[in-house]
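# A structural walkthrough
If you want the building blocks of each chain, they are given just below.
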Amino acid sequence: AQSVTQLGSHVSVSEGALVLLRCNYSSSVPPYLFWYVQYPNQGLQLLLKYTTGATLVKGINGFEAEFKKSETSFHLTKPSAHMSDAAEYFCAVRPNRDDKIIFGKGTRLHILP
Amino acid sequence: GAGVSQTPSNKVTEKGKYVELRCDPISGHTALYWYRQSLGQGPEFLIYFQGTGAADDSGLPNDRFFAVRPEGSVSTLKIQRTERGDSAVYLCASSQGTAGEQYFGPGTRLTVT
């Protein structure tokens, strides 16, 4: 069965520092991969997705993620954190032949002034 | 245009009662998904519809949970004989076809006392 593991339920970075949120998935075939962001009292918003093609994917708000098949990873990065980036981030996978999305448990990102 | 809407935004009910949660998808979206997000967890798939029919209901935890989408638009998630363990945020998402991007609503927070 497909699964997603997010390392670190809480991550704190200083404003202006690099953001790195880790995600590993288990899959026998390359799946669709997603990062979603959830701000307090708001719905999930898609940050970026990987389907096929270029393994470095750019998303909204300056975030990007790289699909590494050999490491079964899809880590999320942003060069310089902003206070507005404080939120919960979910990595997710959707198998090619299935339509439901399987989410990780989430990582809450804290930005320190 | 309008996004996915869910009503009510909050619902408090007593153990053993029946509840209905409503989802209005984005107009024209044929696929509709229900997820449940418990405290500290990522969203967990419950059921999805393609048109009026349930294409995959493998995530429904037991037969107390049921969902309908009679006209292929609005969907209602129904929970009978609620239990305290049903307390969670119930998320709805819709997409243009099952391969399209899923757009999430803000959720309904259900509290069973």
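A brief report on the enclosed structure follows. Only a predicted model underlies this, so the values are computations on that prediction, with no experimental measurement involved. (Residues numbered from 1 in each chain as written. Chains lettered and ligands numbered in written order. Predicted model: local features only at pLDDT ≥ 70, side-chain atom pairs only at ≥ 80, totals over all residues. Heavy atoms only, no water.)

Before going further, it helps to spend a moment on the interface of chain B and chain A. Across the boundary between the two partners, chain B contributes 20 residues, which contact 15 residues of chain A. Summing both partners gives a buried area of about 1,400 Å² for chain B against chain A, and 49% of it is carried by carbon and sulfur. Together, B:Pro43, B:Glu101 and B:Phe104 form the three largest contributors to the area buried by chain B at its contact with chain A, with a combined 30%. In this structure, the connection of chain B to chain A is made through 0 salt bridges. At the boundary of chain B with chain A, the tally comes to 3 residue pairs in polar contact (both at pLDDT 80 or more). (Contact = heavy atoms within 4.5 Å. Buried area = accessible area lost by both parts, 1.4 Å probe. Salt bridge = Lys/Arg side-chain N within 4 Å of Asp/Glu carboxyl O. Polar contact = N/O pair within 3.5 Å; in protein donor to acceptor, adjacent residues only side chain to side chain.)

Moving on: the side chain of B:Gln102. Relative to the elements of secondary structure, B:Gln102 occurs in the loop between strand S9 (88-95) and strand S10 (103-104). One polar contact links B:Gln102 to B:Tyr35, side chain to side chain, over a distance of 2.9 Å. (Helix = DSSP H or I, 4+ residues; strand = E, 2+ residues; numbered from the N terminus.)

Here the focus is the pattern of salt bridges. On inspection of all chains with the given rule, the structure shows 6 salt bridges over all chains. Note that A:Lys58 and A:Glu64 form a salt bridge whose closest N and O atoms lie 2.8 Å from each other. According to the relative accessible area criterion, A:Glu64 is partly exposed, its value standing at 22%. Measuring nitrogen to oxygen at the nearest pair gives 2.9 Å for the salt bridge that ties A:Lys78 to A:Asp85. Across this residue pair, the class does not change: A:Lys78 and A:Asp85 are buried. When salt bridges with common partners are traced through the structure, they connect B:Arg64, B:Glu83 and B:Asp86 into a single cluster. (Buried < 20%, exposed > 50% of the residue type's maximum accessible area, 1.4 Å probe, protein only.)

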